[in-house]
Amino acid sequence: MDPVGLYISIPFCRSKCTYCNFASGVFPLAQMDRYLDRLEADLGAARDSAPWRAALPAKADSIYLGGGTPSLLSASQVDRLFLLLRRHFEVLPGAEITVECAPGQLEDATLTAMAANGVNRLSFGVQSFIDEEAKHTGRLHTRAIALEDVARVHCSGIARISLDLIAGLPGQTEASWRESVEVLIASGVNHASLYMLEIDDDSRLGREIENGGLRYYAPQVPSDEAITTMYLEGAAMLEAAGLLQYEISNFARPGYESAHNLKYWERRPYLGLGLDAHSMLRDAQGRVFRFATSSELPRFLEAPGWHDAQALKGEEELEEAWFLGLRLNRGVSLTELEAEFGTEAIEPFQQTIAELKEESLLAQQQDRICLTAKGRLLSNDVFERFLMSETEA
């Protein structure tokens, strides 16, 4: 049984970014200990009473604290959390242990506790190195604060650092975007994530744009064409600087790819703990189980356990193999898919593959299918075509 990856959601924030659609919020920090109590209960249930417990590996080779803002944990809470995790799982030597951080919200004592507990990778949600752009979206940091945090982490002995940027923030221009990417490169980090601003009604900014409102600097959001140009230029700049793209939004120096996130795209097992955390496990018979926790904090704190635990059907697994595998620059291997699902299951997709190649959205080298640069920009459309092929079949 492959080792599991552990994802722990820490949904507490000091401020809610206007573009954020995650299940996070400005919850009272006094609830943090109660939240950890709930995580402790779920860890016990995962081992003792969960219906899928037989599919849960005993060993873990990656841990990822996401959010929210996990860097708001106190030093003692960091110690407690990692003690709980190691009580229930054998964390393998060399395991990648990542914590997401907000610039300016990482206390020295917390950083020291992280390093002492084996954290070896930090990911900072910078989003922009232009102070005015960051301020417009509700971020509380400045460029100077973010770069100071990177320097502090280097001094702590944690060598793997990732920085996130978003193309399309209100007031952003191609020149200011280029400046943010240049600052990221100059920081010397070994991993970066570039995202294009997503507009949806699950965020305050998205609702304001949909309704034609003026709040949150909504009228200053760049056009789709400008956002696309920014993303492509940013990707080219990172590639030229040695940060190579390995997934639609992720770039790394060789050997510094996110081991935990690769589990998602390679369909390897992971267990999600905490608010709105999702899981995927595979049992000894090869069945794949997906399930999640509540996305509402009061309900999560009161109602133990996971919901919607069910084994995927073969066609559902194949759909995931397509749209998760194609997110990676290396794409998917037809030979490997045929070995896993059978030649007859793959055959209905051949026409879709041919059409997408004709439209320059897919490329093929020997048996491997991957997105083109154009395909990565229109990836959701490509994935939908594969789902349509499965439905028609």
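Residues numbered from 1 in each chain as written. Predicted model: local features only at pLDDT ≥ 70, side-chain atom pairs only at ≥ 80, totals over all residues. Heavy atoms only, no water.

Caption draft 1: Examining the overall build of the protein more closely. In terms of regular secondary structure, the protein is built from 16 helices and 15 strands. Radius of gyration (C-alpha) of the protein: 21 Å, near the 21 Å computed for a compact globule of 393 residues. On the principal axes, the C-alpha backbone points of the protein span a range of 55 × 55 × 40 Å. Split into buried and exposed, the 393 residues of the protein put 52% on the buried side. As displayed, the protein offers around 17100 Å² of accessible surface, 50% of which is attributable to carbon and sulfur atoms. The positive charge centre, built from 36 side chains, and the negative charge centre, built from 58, are 5 Å apart in the protein. (Helix = DSSP H or I, 4+ residues; strand = E, 2+ residues; numbered from the N terminus. Rg over C-alpha atoms; globule rule 2.2 N^0.38 Å. Buried < 20%, exposed > 50% of the residue type's maximum accessible area, 1.4 Å probe, protein only. Areas by Shrake-Rupley, 256 points an atom, 1.4 Å probe, with all protein chains shown as cover. Lys, Arg positive; Asp, Glu negative; His and termini not counted. Charge placed at Lys NZ, Arg CZ, Asp CG, Glu CD.)

Caption draft 2: Structural view of the packing of aromatic side chains. Evaluated as defined, the whole model comprises 11 aromatic pairs. The interplanar angle of 90 degrees and the centroid separation of 5.5 Å between the aromatic rings of F12 and Y35 together place this pair among those described as edge-to-face. Separated by 23 residues along the polypeptide, F12 in the loop between β1 (4-10) and α1 (32-48) and Y35 in helix α1 bring together distant segments of the chain. Relative to W265, the ring of Y246 lies with its centre 6.4 Å away and its plane at 65 degrees, an arrangement referred to as edge-to-face. In this pair, Y246 is assigned in strand β7 (residues 244-247) and W265 in helix α9 (residues 259-265), connecting sequence segments 19 residues apart. Both residues of the pair, Y246 and W265, belong to the buried class. Linked through ring pairs, F12, F27, Y35 and F300 together constitute an aromatic cluster. Note that R38 overlies the ring of F300, its terminal NZ or CZ placed 3.9 Å from the centroid. Positioned over the ring face of F89 is R47, at 4.5 Å from the centre of the ring. (Phe/Tyr/Trp six-rings, centres within 6.5 Å; stacked < 30°, edge-to-face > 60°. Lys NZ or Arg CZ within 6 Å of the ring centre and 35° of its normal.)

Caption draft 3: Just the nonpolar core, in detail. With 93 residues, the main nonpolar core has I8, L122, L271 and W322 as its most contacted residues. In terms of residue count, the dominant contributor to this core is helix α8 (residues 224-240) (7 residues). Domain assignment of the residues forming this core places at least three in each of domain 1 (4-263) and domain 2 (314-392). Those residues in contact with W322 that lie beyond four places of it in its chain are V332, L334, L337, I346, F349, I353 and F386. Within the second largest apolar cluster, 14 residues are counted, among which are L262, M280, V288 and L328. (Core = buried A, V, L, I, M, F, W, Y, C linked by side-chain atoms within 4.5 Å. Domains from an automatic or database assignment. Contact = heavy atoms within 4.5 Å.)

Caption draft 4: Inspection of the packing of helix α6 (residues 174-186) against α8 at higher detail. Orientation of α6 relative to α8, taken along the N-to-C sense of each, is 25 degrees, at an axis distance of 10 Å. With respect to their mutual orientation, α6 and α8 come out roughly parallel. For the crossing formed where α6 meets α8, the hand is right-handed. Residues E174, W177, R178, V181, E182, L184 and I185 of α6 touch α8, and the partners they reach there are T229, M230, Y231, E233, G234, M237 and L238. (Axes fitted to C-alpha atoms, helices over the stretch in contact; angles between N-to-C directions. Parallel < 35°, antiparallel > 145°, perpendicular 65-115°, else oblique. Left-handed = near helix turned anticlockwise from the far one by under 90°.)

Caption draft 5: Examining the side chain of R290 more closely. By the secondary structure assignment, R290 is in strand β11 (residues 288-292). Within the structure, the side chain of R290 is placed 2.6 Å from the side chain of E320, a separation counted as a polar contact. (Polar contact = N/O pair within 3.5 Å; in protein donor to acceptor, adjacent residues only side chain to side chain.)

Caption draft 6: Focus on unusual backbone geometry. Cis rather than trans, the peptide bond between G67 and G68 has omega equal to 10 degrees. Note that G68 resides in the loop between β2 (59-67) and α2 (75-88). Look at D276: it is not a glycine, yet its phi comes out positive at around 55 degrees. In this structure, Q366 takes a positive phi of about 55 degrees despite not being glycine. Mapped onto the fold, Q366 is located in the loop between β14 (362-365) and β15 (368-371). A residue is classified by how much of its surface remains accessible, and Q366, at 76% relative accessible area, is exposed.

Caption draft 7: The arrangement of α1 in detail. With 17 residues, α1 should cover 24 Å at 1.5 Å per step; its first-to-last C-alpha distance of 24 Å lies within 8% of that length. Among all positions of α1, only M32, Y35, L36, R38, L39, D42, L43, G44 and A46 are buried. Summarising the contacts, the buried residues of α1 are in contact with β1, α2, β9 (270-273) and α10 (297-302). (Expected span 1.5 Å × (residues − 1).)

Caption draft 8: Inspection of the pairing of β9 at higher detail. Of the two faces of β9, the one holding Y270 and G272 and the one holding L271 and L273 are both buried throughout. As paired elements, β1 and β9 share 4 bridges and run parallel to each other. Within the sheet, the bridge partner assigned to G5 lies in β9 and is Y270. (Pairing = 2+ DSSP bridges.)

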